[in-house]
Amino acid sequence: MASAFLASYLESIDSVPGELERNFNMMFTLDKRVQDLMVEIETIYSQYMEKASELKTSEKAKYLSDIRQKFDKSNTFTDDKVKLAMQTYEMVDKHIRRLDTDLQRLEAKTKENLEKKSESRMFC
């Protein structure tokens, strides 16, 4: 009984390490993209500040538009990373809740079996 429970549980979590690794790698990649965008934004901003007094209004607008687009892209990557982190948490939480439920069932079944054995010994 306990070995069947353990085998079933191990089979159900077999894919979890791979899924966790994939999700963490994706989060790392998204984080790296955000960091790269922040460097690009800093570079564009520095160039803008150096040349601001010499730039035409349309050129200023181009710099600011580039910065805004990169910030928007950064926000998208950040949102994706948060969603992925939440999905990862929910996946792990689901397995923990299942384990808790299964353990309660196993404990109840074990207790029931012990009580049956104890009763049968009393009548022998």
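In what follows, the accompanying structure is described. Quick caveat: nothing in here was measured; it's all calculated off a predicted structure.

Procedures and definitions
- Residues numbered from 1 in each chain as written.
- Predicted model: local features only at pLDDT ≥ 70, side-chain atom pairs only at ≥ 80, totals over all residues.
- Heavy atoms only, no water.
- Helix = DSSP H or I, 4+ residues; strand = E, 2+ residues; numbered from the N terminus.
- Rg over C-alpha atoms; globule rule 2.2 N^0.38 Å.
- Buried < 20%, exposed > 50% of the residue type's maximum accessible area, 1.4 Å probe, protein only.
- Contact = heavy atoms within 4.5 Å.
- Areas by Shrake-Rupley, 256 points an atom, 1.4 Å probe, with all protein chains shown as cover.
- Lys, Arg positive; Asp, Glu negative; His and termini not counted.
- Charge placed at Lys NZ, Arg CZ, Asp CG, Glu CD.
- Phe/Tyr/Trp six-rings, centres within 6.5 Å; stacked < 30°, edge-to-face > 60°.
- Expected span 1.5 Å × (residues − 1).

### Regarding the overall build of the protein chain
Counting its secondary structure elements, the protein chain contains three helices and zero strands. Relative to the 2.2 N^0.38 estimate, which gives 14 Å for 124 residues, the radius of gyration of the protein chain is 28 Å and therefore markedly larger than a compact globule would have. Along the first, second and third principal axes, the C-alpha set of the protein chain runs to 105 × 20 × 15 Å. The proportion of buried residues among the 124 residues of the protein chain is 19%. Looking at the protein chain alone, contacts between residues at least 24 apart form 79% of all its contacts between residues at least 6 apart. Taken as a whole, the protein chain presents about 9,700 Å² of accessible surface, with 56% of it coming from carbon and sulfur. For the protein chain, the centre of its 21 positive side-chain charges and the centre of its 23 negative side-chain charges are spaced 2 Å apart.

### Details of the packing of aromatic side chains
In total, this model carries one aromatic pair according to the counting rule given. Each ring, one from Tyr48 and one from Tyr63, has its centre 5.8 Å from the other, and the planes form 55 degrees; the classification is tilted. In this pair, Tyr48 is assigned in helix α2 (residues 16-51) and Tyr63 in helix α3 (residues 57-123), connecting sequence segments 15 residues apart. Like Tyr48, the residue Tyr63 is buried in the burial classification.

### Comments concerning the environment of Lys60
Turning to its location among the elements, Lys60 is positioned in helix α3. Taking the relative accessible area as the measure of exposure, Lys60 reaches 29% and is therefore partly exposed. C-alpha of Lys60 to C-alpha of Leu103: the two residues are 43 residues apart in sequence and 64 Å apart in space. If we skip the residues at most four places from it in the chain, Lys60 touches Tyr48, Ala52 and Leu55.

### Some remarks on α2
Along an α-helix, residues three or four apart share an orientation, since each turn contains 3.6 residues. The first and last C-alpha atoms of α2 sit 52 Å apart over 36 residues, in line with the 52 Å expected at 1.5 Å per residue. Among all positions of α2, only Val16, Asn23, Met27, Leu30, Val34, Leu37, Ile41, Ile44 and Tyr48 are buried.

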